[in-house]
Amino acid sequence: MGKLIGIDLGTTNSCVAFMENGEPTIIPNAEGGRTTPSVVAFTKNGERLVGQAAKRQMVANASRTISSVKREMGTDWRVNIDGKNYAPQEISAMVLQKLKADAESYLGEAVTDAVITVPAYFTDAQRQATKDAGRIAGLNVQRIINEPTSAALAYGIDKEAPQKIMVYDLGGGTFDVSILDISQDVIQVLATAGNNHLGGDDFDQCVTKYLVEEFKRTEKIDLIPDHMAMQRVREAAEKAKIELSSATAATINLPFLAQGADGPKHMELTLTRAKFDDLTRHLVEATTGPVRQAMQDAGLGANEISKVLMVGGSSRIPAVQAEVKRMTGKEPFRGINPDECVALGACIQGGVLSGSVKSLLLIDVTPLSLGVETVGNVFTRIIERNTALPVQRSQIFSTAANFQTSVEINVLQGEREVASYNKSLGKFRLEGIRRAMRGVPQIEVTFSIDANGIVNVSAKDLATNRQQQITISGSSNMSQAEIDQAMRDAEMYAEEDKRKKEAQAQKDAAESLLSQAKRTQKKMKSPDKEKLTEAIRALEDALKREDDWAVKNASDDLKILLEAAGQYVDNGAAENDDGSFDV
Ligand code: AMP
């Protein structure tokens, strides 16, 4: 296994960590940030931006900027950019590619493997799509693990006395609550519940709505049709929200926000924490249902839970912490930066898989029940939700009609009793069943789920031993051929990026060579002076034409002349032995 990283692939922000001398450590991105916005943009001139650069230009390029794509994972959502349709896993892969590239330049070596986290509530299709995104980005995804489990690892709870804990994770776009059972060397997720459409973005939305309404009330101007103004208000709303986690009031100041009949209009107002709490109370309250559900599923009362770990940027909101304390009677536990602990845990899990971290076994659960459709549109469960993974379960079924020689197995995931209300993960047919009266043939249906939560289903006629099976991989909405194509595209982009970097380094080196040459030129006499002047002109011309090949040749010529004059100084930005350039 090559270098392995742990990745928290978040809805709003992503974070990467690696094991440094046995310690999980955050890897900063190329811009120096410890988290990277999960935002991808396509500029008008065909350039692709990822992270902070993409987020920054969102205002001016809203229709070609994609954020929160995690919410679309596993669905048939597509975005069309310049005539090409991109699936959610392809957009996610672009974020992963940047994380991988930044990690490689920070570590100075190739990154090949990753552990990627997903919300505990993610379905099979969403997990599979996440795995595919990793593959498209050129990563060997060793394991997909639940974010709360990962957080518990980061907190080192596995090394403490046996206990049951709650992980309350409120991020930018998703909410998860999990109850974990920690006993020696084993972390078992007893229950998970959540809402993958609830997070910090919704808090921003409430504040934005309030600010827009206030502006309309005082200035009589509706900002909604003005995309640029709305983006500025949204950014100010998030900033105010973050400030209100440590201060009791925040000032919003947006000059020249709109043009009124009597001149420019500015937004200037103060938002108190009390007002913010008022505006967002329903969101905080919306987290209580899943908390109750998880405790009920785990069969535990609040007094049996020893700790509540707070995870995700939005868990810093004081009203959220107060609500958690009210519900559980525990002071929330906040030892590690909530934005970083999931990535740290993922790299610890990577350490377990690669053998560098010893004696830790991880048991995870299936978030939703799995089963098949039986006569009368009935959902028959084979694996109940919250069953520990990996798991394999079998059940015997029979035919519904006399002399029936084939059956269709419709694999379903969900909690509804009516089959058609659940999500169909795939269908397959078992043919060649021995002719018999209804109810006589014995068909054994086996479900297995591996440690990543990937589902495999088989059906076997016990009389003939005929068997059919499927791996639920089509549920990611991309065929193998599409994934292969996306991988080739991603590699091409990586090559293109490398080429651009090298060309820029060569250009920088040429420019520094030119200034050396111009300084030397003044001191030289004929005929060497004319030769040098000609070489300078050739290099300037090559730079102007942006002809990388000519720049290299003209730089070589100029270097020879300067060396002959004893004036060449290697400035460190020069060519390497292999013809490449350091950046
Ligand atoms: P995450 O997905 O865990 O990175 O969380 C991102 C969300 O946390 C975004 O909605 C941020 O606005 C929010 N966030 C980050 N810091 C704070 C803070 N100090 N107070 C409130 N929300 C925050």
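Owing to the predicted nature of the structure, the values given are computational and were not obtained by experimental measurement.

Definitions and cut-offs
Residues numbered from 1 in each chain as written. Predicted model: local features only at pLDDT ≥ 70, side-chain atom pairs only at ≥ 80, totals over all residues. Heavy atoms only, no water. Helix = DSSP H or I, 4+ residues; strand = E, 2+ residues; numbered from the N terminus. Buried < 20%, exposed > 50% of the residue type's maximum accessible area, 1.4 Å probe, protein only. Contact = heavy atoms within 4.5 Å. Phe/Tyr/Trp six-rings, centres within 6.5 Å; stacked < 30°, edge-to-face > 60°. Lys NZ or Arg CZ within 6 Å of the ring centre and 35° of its normal. Pairing = 2+ DSSP bridges. Patch = residues over 30% accessible without salt bridge, like charges linked within 9 Å, V, L, I, M, F, W, Y side chains within 5 Å. Areas by Shrake-Rupley, 256 points an atom, 1.4 Å probe, with all protein chains shown as cover. Salt bridge = Lys/Arg side-chain N within 4 Å of Asp/Glu carboxyl O. Axes fitted to C-alpha atoms, helices over the stretch in contact; angles between N-to-C directions. Parallel < 35°, antiparallel > 145°, perpendicular 65-115°, else oblique. Left-handed = near helix turned anticlockwise from the far one by under 90°.

Student: What exactly am I supposed to notice about the side chain of Gln413 here?
Tutor: Of note, Gln413 is situated in strand E23 (residues 407-413). You can call Gln413 buried: its relative accessible area is 5%. When neighbours within four sequence positions are excluded, Gln413 is seen to be in contact with Thr123, Asp124, Leu368, Ser369, Leu370, Asn422, Lys423 and Leu425.

Student: Explanation requested: the packing of aromatic side chains in the structure shown.
Tutor: Each aromatic ring pair is specified by the distance between its two centres and by the angle formed by the two planes. Tallied over the full model, the rule gives 5 aromatic pairs. For the cation-ring pair, Lys307 lies above Phe333, with the distance from its terminal atom to the ring centre recorded as 5.3 Å.

Student: I keep staring at the pairing of strand E12 (residues 163-170) and nothing clicks. Help me out?
Tutor: Where burial is concerned, most of E12 is hidden: 7 out of the 8 residues are buried. Inspection of the sheet shows E12 paired to strand E13 (residues 175-183) by 8 bridges, in the antiparallel sense. Each residue of the ladder has a partner; that of Met166, found in E13, is Ile179. If you look at the hairpin formed by E12 and E13, you'll find 4 residues sitting between the two strands. Both E12 and strand E17 (residues 307-311) contribute to a ladder of 5 bridges, which runs parallel. Residue Asp169 lies in a different strand from E17, and its bridge partner there is Val311.

Student: Hey, could you run me through a nonpolar patch on the surface in this one?
Tutor: On the surface, Phe403, Met437 and Val440 cluster together to form a nonpolar patch covering roughly 290 Å² of accessible area. Residue placement: Met437 occurs in the loop between strand E24 (423-430) and strand E25 (443-449).

Student: How do you make sense of the packing of helix H7 (residues 273-286) against helix H9 (residues 318-328) when you look at a structure like this?
Tutor: Each pair of packed helices can be summarised by the angle the axes make with each other and by the distance between the axes. Put simply, H7 and H9 touch, their axes get as near as 9 Å, and they point 55° apart. With respect to their mutual orientation, H7 and H9 come out oblique. Judged by the twist between their axes, the crossing of H7 over H9 is right-handed. Only Pro318, Ala319, Val320 and Glu323 of H9 make contact with H7, whose side of the interface consists of Arg273, Asp277 and Val284.

Student: Even after reading the chapter, I still don't get the sheet that holds strand E5 (residues 40-42), so can you show me in this structure?
Tutor: Across a sheet, paired strands are connected by hydrogen bonds in the backbone, their directions being either parallel or antiparallel. Reading across from one edge, E6-E5-E7 is the order of the 3 strands in this open sheet, with antiparallel pairing throughout. Looking at the sheet topology across the chains shown, the edges are occupied by strand E6 (48-50) and strand E7 (65-66). For E5 and E7, the ladder comprises 2 bridges, and the chain directions are antiparallel. Bridge pairing in E7 links Ala41 to Thr65.

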